[in-house]
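# What the coordinates show
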Amino acid sequence: MAAAKPTARFIYFAVTLLLLLSFFTSITAHETGDGNGDDDYEGIEELMALDEEEESQQKEGSHVKSSEAEVIAKAQRIVLELNSDNTKRIIDENEFVLVLGYAPWCPRSAELMPQFAEAATSLKELGSPVVMAKLDAERHPKTASSLGISGFPTLLLFTNGTSQPYTGGFSSEEIVIWVRKKTGVPVIRINSVTEAEEFLKKHHMFAIGLFKDFVGHEYEEFVKAATSHNEIQFVEANDIEVAKVLFPDIKPNNLFLGLVKSEMERYTMYEGTFEMDQILDFLDYNKFPLVTILTELNSIKVYSSPIKFQVYVFTKADAFKNLLTPLQEVARKFISKIMVVSVDITEDNLAKPFLTLFGLENSEDTIVTAFDNKISSKYLLESDPTPSKIEEFCSGLLKGTLSPHFRSQPIPDNKEESIQIVVGKTFDSMVLSSDKNVLLEVYSPWCIDCETTSKQMKKLAKHFKGLDNLIFVRIDASANEHPKLEVDDYPALLFYKAEDKSNPIKLSTKSSSKDLAAFINKNIGVQDQVSKDEL
């Protein structure tokens, strides 16, 4: 049998490799000596095999990406593109139209767009009468304004020409659930085991109700709750074998309600009475996963949660993978009492607004914080964020034994300063516990008017230099906090009398330097012996 001729591809790689080998050999000959010819040939075969494997993977990956792109493109074709000419006609001619108002530069719009397109595909497959449409509000501002679109993204459902704001979630599944409820399908009835199995393939979270008959007060309250709740799909059954497919641990009785989620804590049984408000409370307290990953799209839902104790874990995505399971175990012990939220610390839009509250906006290490939204207090875990420490932290939050956290810059060196710098950690010692009269300037670096007040403070400090019973201090309120420092606007001047530190006197920052000096003289009981000309 004749030997196969070498392919052009083989020749190309062989020549390339030989050139490379000769190049490196000329450089390192004094170290390595001559190579073995058989080894070189084996190396060529190995390189070719690796190259073919890589090329195959690239083709396969390209095919997957192409398929995904085709799905998205197909979904986007289902969504109508509105403009100034067709918007009124489309809304007037269709009973239901869900409009997405967006701006091309808006990151949240970009995040929502594929979810909206995917929801459009699902609704079409379900035979929904709703028309899905999008409007570039930046390109058609007048049309957007006429529809009531002012922010991005904005979702509006038009029913016979009348709009109502979208109040559901922002995943494709949540959009589908909300639209179906608002267009007449608040509850899906499951009649067979096959239907139940098919339903499970498409839904990640739902509430399941088991009723002997679909009548009576309990059933009416269930339907009311289904109609009112915008995020969770409700399903009903009257056959316990069908219901067991959806909720395996269902109790064998004629009345049951449970919540199913796609995570470790998958099944949650409702044990209250069948009243709409109580059912809704049960769902709102249990709908979140054990650990919620914060995103741009779910942020509003997280912030508005009825669970007022919230623990936030800021960490990098790689570190979170190792922390997730132990964090879920911790969260399970405080389920429906404390909401545990994970935030990617590298996502500035999500992490920095929180971390700035603690003065940790530049940190790259894992940080654990907590909020009690009932009393607007915040807390910081100052030890290593191990699972056991996080559990202790959560327990202290629930019991009310944690000390609130107040921001503070490092303690400065105030030697020989006419106006001393106060930070959060020194506010007690330098202001409240001091036996002297204190004039405090409260400012912020971004405050335009603060510069004028700062100049007045310098003049006053020079004017009263040498007095033993008066000190001038200033604090950057954007970087320092104290529970006894409450200022609504900047700049602010507060005078703390030596004998009454609990009732500071607020001075007008519009007062002249002479008027401020006169006030100080009056309150410290010292005659002004310095010429007013220097003020």
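Description of the structure in this document. In this text, all values refer to a predicted model and were calculated from it rather than measured experimentally.

Here we take up helix α12 (residues 317-332). In this model α12 runs 22 Å from its N-terminal to its C-terminal C-alpha over 16 residues, within 8% of the 22 Å that 1.5 Å per residue would give. For α12, the principal kink sits at Leu323 and spans about 50°; a proline, Pro326, occurs within the next four residues. Every buried residue belonging to α12 is among Phe320, Leu323, Leu327, Gln328, Val330 and Ala331, and all of these are buried. The elements touched by buried residues of α12 are β11 (291-293), β12 (309-315), β13 (338-344) and α14 (387-399).

Here we come to the pattern of salt bridges. On inspection of all chains with the given rule, the structure shows 17 salt bridges. One salt bridge connects Lys497 with Glu499, and the closest N-O pair in it is separated by 3.6 Å. The class of Glu499 is exposed, set by a relative accessible area of 61%.

The two faces of the sheet receive side chains in turn, since in a regular strand these alternate between them. Both faces of strand β15 (residues 377-380) are covered, namely the face carrying Ser377 and Tyr379 and the face carrying Lys378 and Leu380. Between strand β14 (residues 367-372) and β15, which pair antiparallel and follow one another directly, the connecting turn spans four residues, one of which, Ser376, has a positive phi of 55°.

Further remarks concern the sheet that holds strand β4 (residues 154-159). Strand order in the open sheet made by the five strands is β1-β3-β2-β4-β5, with mixed pairing throughout. Strands at the two margins of the open sheet, each flanked by one partner only, are β1 (80-82) and β5 (162-165). Going across the sheet, the axis of each strand differs from the next one's by a mean of 30°, ignoring polarity. In this sheet, β4 lies alongside strand β2 (residues 96-102) in antiparallel orientation, the contact comprising six bridges. Residue pairing in the sheet places Val97 in a bridge with Phe158 of β4. Sheet contacts for helix α6 (residues 172-182): β2, β3 (131-136), β4 and β5; angle to β2, the most-contacted strand, approximately 140°.

What follows covers the side chain of Gln456. Mapped onto the fold, Gln456 is located in helix α16 (residues 450-463). The residues contacting Gln456, other than those within four sequence positions of it, are Thr509, Ser511, Ser512, Ser513 and Leu516.

A separate point is the packing of α12 against α14. In the contact formed by α12 and α14, the axes pass within 10 Å of each other and the chain directions differ by 25°. The orientation of α12 relative to α14 falls into the category roughly parallel. Where α12 crosses over α14, the handedness of that crossing is right-handed. Mapping the contact onto sequence places Pro326, Leu327 and Val330 in α12 and Pro387, Ile390, Glu391 and Cys394 in α14. In terms of residue class, the contact of α12 with α14 is built from six nonpolar, no polar and one charged.

Let's shift gears to the packing of α16 against helix α17 (residues 513-524). Here α16 crosses α17 at 45°, and the two axes come no closer than 10 Å. Considering their axes alone, α16 and α17 lie oblique with respect to each other. Considering how the two elements wind past one another, α16 and α17 form a crossing that is right-handed. Residues Gln456, Lys459, Leu460 and His463 of α16 lie in contact with α17, whose contacting residues are Ser513, Leu516 and Ala517.

Our next topic: the state of the cysteines. Within this structure, the stated rule accounts for one disulfide. Note that Cys447 is cross-linked by a disulfide to Cys450, the S-S spacing being 2.3 Å. Taking the sign of the S-S torsion, about 95° here, the bridge from Cys447 to Cys450 comes out right-handed. Given a relative accessible area of 11%, Cys447 falls into the buried group.

Let us look at the environment of Leu402. In this structure, Leu402 sits in the loop between α14 and β16 (419-422). Exposure remark for Leu402: the relative accessible area of 22% places this residue in the partly exposed category. Through-space distance from the C-alpha of Leu402 to that of Lys378 is 9.5 Å; in sequence the pair is 24 residues apart. Leu402 has contacts with Tyr379, Phe393, Gly396 and Leu397, leaving out every residue within four places of it along the chain.

A word on the sheet that holds strand β20 (residues 500-507). Pairing is mixed in the open sheet, where five strands are placed in the order β16-β18-β17-β19-β20. The sheet is open, and its two borders are formed by β16 and β20, each paired with just one other strand. Strand after strand, the sheet turns through a mean of 30° between neighbouring axes, direction not considered. Taken together, the four bridges between strand β19 (residues 492-497) and β20 define a ladder with antiparallel strand orientation. Residue pairing in the sheet places Leu493 in a bridge with Leu507 of β20. Where α16 meets the sheet, it contacts β16, β17 (437-443), β18 (470-476) and β19, and its direction lies at approximately 160° from that of β17.

Here the focus is the packing of aromatic side chains. Counting across every chain of the model gives 25 aromatic pairs. Pairing Tyr166 with Phe170 gives two aromatic rings, centres 5.9 Å apart and planes at 55°, and the pair type is tilted. Through a chain of ring-to-ring contacts, the aromatic side chains of Phe211, Phe214, Tyr219, Phe222, Phe234, Tyr270, Phe274 and Phe282 assemble into a single cluster. Positioned above the aromatic ring of Phe214, the side-chain terminus of Arg189 is 3.8 Å from the ring centre. One cation-aromatic arrangement involves Lys378 over Phe358; the distance from NZ or CZ to the ring centre is 6.0 Å.

Cut-off values and rules
Residues numbered from 1 in each chain as written. Predicted model: local features only at pLDDT ≥ 70, side-chain atom pairs only at ≥ 80, totals over all residues. Heavy atoms only, no water. Helix = DSSP H or I, 4+ residues; strand = E, 2+ residues; numbered from the N terminus. Expected span 1.5 Å × (residues − 1). Bend = angle between axes of the 7 residues up to and from the residue. Buried < 20%, exposed > 50% of the residue type's maximum accessible area, 1.4 Å probe, protein only. Contact = heavy atoms within 4.5 Å. Salt bridge = Lys/Arg side-chain N within 4 Å of Asp/Glu carboxyl O. Pairing = 2+ DSSP bridges. Axes fitted to C-alpha atoms, helices over the stretch in contact; angles between N-to-C directions. Parallel < 35°, antiparallel > 145°, perpendicular 65-115°, else oblique. Left-handed = near helix turned anticlockwise from the far one by under 90°. Nonpolar A, V, L, I, M, F, W, Y, C, P; charged D, E, K, R; others polar. Disulfide = S-S within 2.5 Å. Phe/Tyr/Trp six-rings, centres within 6.5 Å; stacked < 30°, edge-to-face > 60°. Lys NZ or Arg CZ within 6 Å of the ring centre and 35° of its normal.

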